[in-house]
Amino acid sequence: MAAPAITLYFAPGSCSRVPMLALEEAGVPYERHLVKFMAGEHRAPDYLAINPKGKVPAITVDGTPVTENAAIQWTLARLLPEADLLPITGDPMADAPILSDLLWCASGMHPIITRMRLPQFFVGDASDAKAQVSEIARQAMLPNFALIEQRLSAQPWMLGDRWSTLDAYIYWIWFRVGDALDRSPYPAFADHHARINERPATQRMLEHEAEALAWLEANGLVVPAAPPASHGPGGSFR
């Protein structure tokens, strides 16, 4: 059977790192499409036909779109079983904890990061309000990091002895939280991030992002550290 034609719609630094890393780990051919947020491409009809929410990541598989990171990870794992991206068995009860972890990343921690890093999306530019939202989000993130630290202290990867795309997601979470949180109490999580950085697939992913960022910089299309409100919560740095 012919390999599916996969296109990844991405933006540097965004959570599109997760499927890009999965695809690089899988070692399959795929096309990368840089979504140019500062040019308004995420609101253009052509992109909205792929992802009506105007966000990244999205993929198309033989022209059929898939959106939302957890769904993309699940789809890639099912589509590319030989890559062993997730240890899916087909047994609903055995697979439920894996899906639960993906959704924990996507709907549990991911929205907290947005409030930590981009509080202006929720309260405007008032300094006191932004600081309050960021602090509430930081406090909400602490038990999540504690759970990850506990798991990674007992095993090398989130699902046991083998890397999975769940590791790609928490790799991005560690990166995106950055200095918004004191990460020194989480040495196992820090070691996890360092080990993923050393993987050849990660190095390729970072090279692709660097090339895309260089192109955006050369064309005056880099998303600023604090994107304008017109980008809304669906901006590339969500």
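Just so it is clear, the model here is predicted, and its values are computed rather than measured.

Caption draft 1: Main features of the overall build of the chain. For the chain, the count of helices and strands is nine helices and four strands. Of the regular secondary structure in the chain, the N- to C-terminal order runs β-α-β-α-β-β-α-α-α-α-α-α-α. The C-alpha radius of gyration computed for the chain amounts to 18 Å, which stays within 12% of the reference 18 Å derived for 238 residues, consistent with globular compactness. In terms of its C-alpha atoms, the chain occupies a principal-axis envelope of roughly 50 × 45 × 30 Å. The buried share of the chain, taken over its 238 residues, is 49%. Across the chain, contacts joining residues at least 24 apart in sequence account for 65% of those joining residues at least 6 apart. When the accessible surface of the chain is summed, it comes to about 10900 Å², and 56% of that surface belongs to carbon and sulfur atoms. For the chain, the centre of its 19 positive side-chain charges and the centre of its 26 negative side-chain charges are spaced 4 Å apart.

Caption draft 2: Structural detail: the environment of Met-116. As for its position among the elements, Met-116 is in helix α4 (residues 92-117). Under the relative-accessibility criterion, Met-116 is labelled buried at 5%. Sequence-wise, Met-116 and Ser-100 are 16 residues apart; in three dimensions their C-alpha atoms are separated by 23 Å. What Met-116 contacts, discounting residues up to four positions off in sequence, is Ser-134, Ala-137, Arg-138, Met-141, Val-177, Ala-180 and Leu-181.

Caption draft 3: Up close: the nonpolar core. Leu-76, Met-141, Phe-145 and Ile-173 are the most contacted members of the largest nonpolar core, which totals 60 residues. At nine residues, helix α7 (residues 165-177) tops the list of elements feeding residues into this core. Setting aside chain neighbours within four positions, we find Phe-145 in contact with Ile-173, Trp-174, Val-177, Leu-181, Arg-183, Tyr-186 and Phe-189. Residues Tyr-9, Ala-11, Tyr-47 and Val-56 belong to the second largest nonpolar core, which totals nine residues.

Caption draft 4: The arrangement of the sheet that holds strand β1 (residues 6-10) in detail. Here we have four strands laid out as an open sheet, ordered β2-β1-β3-β4, and mixed in their pairing. Two strands lie at the open edges of the sheet, namely β2 (31-34) and β4 (64-67), each paired on one side alone. Strand-to-strand twist across the sheet, computed as the mean angle between neighbouring axes with direction ignored, equals 25°. Two elements, strand β3 (residues 58-61) and β4, share four bridges in a ladder whose sense is antiparallel. Considered in β4, the bridge of Val-61 is made with Thr-64. Lying on the sheet, helix α3 (residues 69-79) is in contact with β1, β3 and β4; it crosses β4 at an angle near 125°.

Caption draft 5: Highlighting the pattern of salt bridges. Following the criterion strictly, the structure yields ten salt bridges and no others. Ionic pairing is found between Glu-24 and Arg-204, a salt bridge with its closest N-O pair at 2.8 Å. A residue pair is termed long-range when its members are at least 10 positions apart, and Glu-24 in helix α1 (residues 17-26) and Arg-204 in helix α9 (residues 200-218) qualify at 180 residues. Residue class for Glu-24 comes out buried when judged on its relative accessible area of 8%.

Cut-offs applied
- Note that residues are indexed from 1 along each chain, following the sequence as it is written.
- Only residues with pLDDT of at least 70 are given local features in this predicted model, and only at 80 or more are side-chain atom pairs given and counted; all residues enter the totals for whole chains, interfaces and linings.
- For the side-chain quantities, the full set of heavy atoms in the structure was used; hydrogens and water were omitted.
- Elements are defined by DSSP. Helices are runs of H or I of four residues or more, strands are runs of E of two residues or more, and each kind is numbered from the N terminus.
- In this setup the radius of gyration rests on C-alpha atoms only. A globule is expected at 2.2 Å times the number of residues raised to 0.38.
- Three labels apply to residues, based on accessible area from a 1.4 Å probe with only protein chains included: buried if under 20% of the type maximum, exposed if over 50%, partly exposed otherwise in between.
- Here, two residues are considered to be in contact whenever any of their heavy atoms come within 4.5 Å of each other.
- Each accessible area is a Shrake-Rupley result for a 1.4 Å probe, and residues are judged covered by the shown protein chains and nothing else.
- Residues counted as positive are Lys and Arg, residues counted as negative are Asp and Glu, and His and the chain ends are not counted.
- The atoms used to mark charge sites are NZ of Lys, CZ of Arg, CG of Asp and CD of Glu.
- Here, the term nonpolar core denotes a set of buried Ala, Val, Leu, Ile, Met, Phe, Trp, Tyr and Cys residues that are joined through side-chain atoms within 4.5 Å.
- A pair of strands is labelled paired if DSSP reports no fewer than 2 bridges between them.
- A fitted line through C-alpha atoms serves as each axis, taken over the contacting stretch for helices, and the angle formed by two N-to-C directions is quoted from 0 to 180°.
- The salt bridge definition used is simple: a Lys or Arg side-chain nitrogen within 4 Å of an Asp or Glu carboxyl oxygen.

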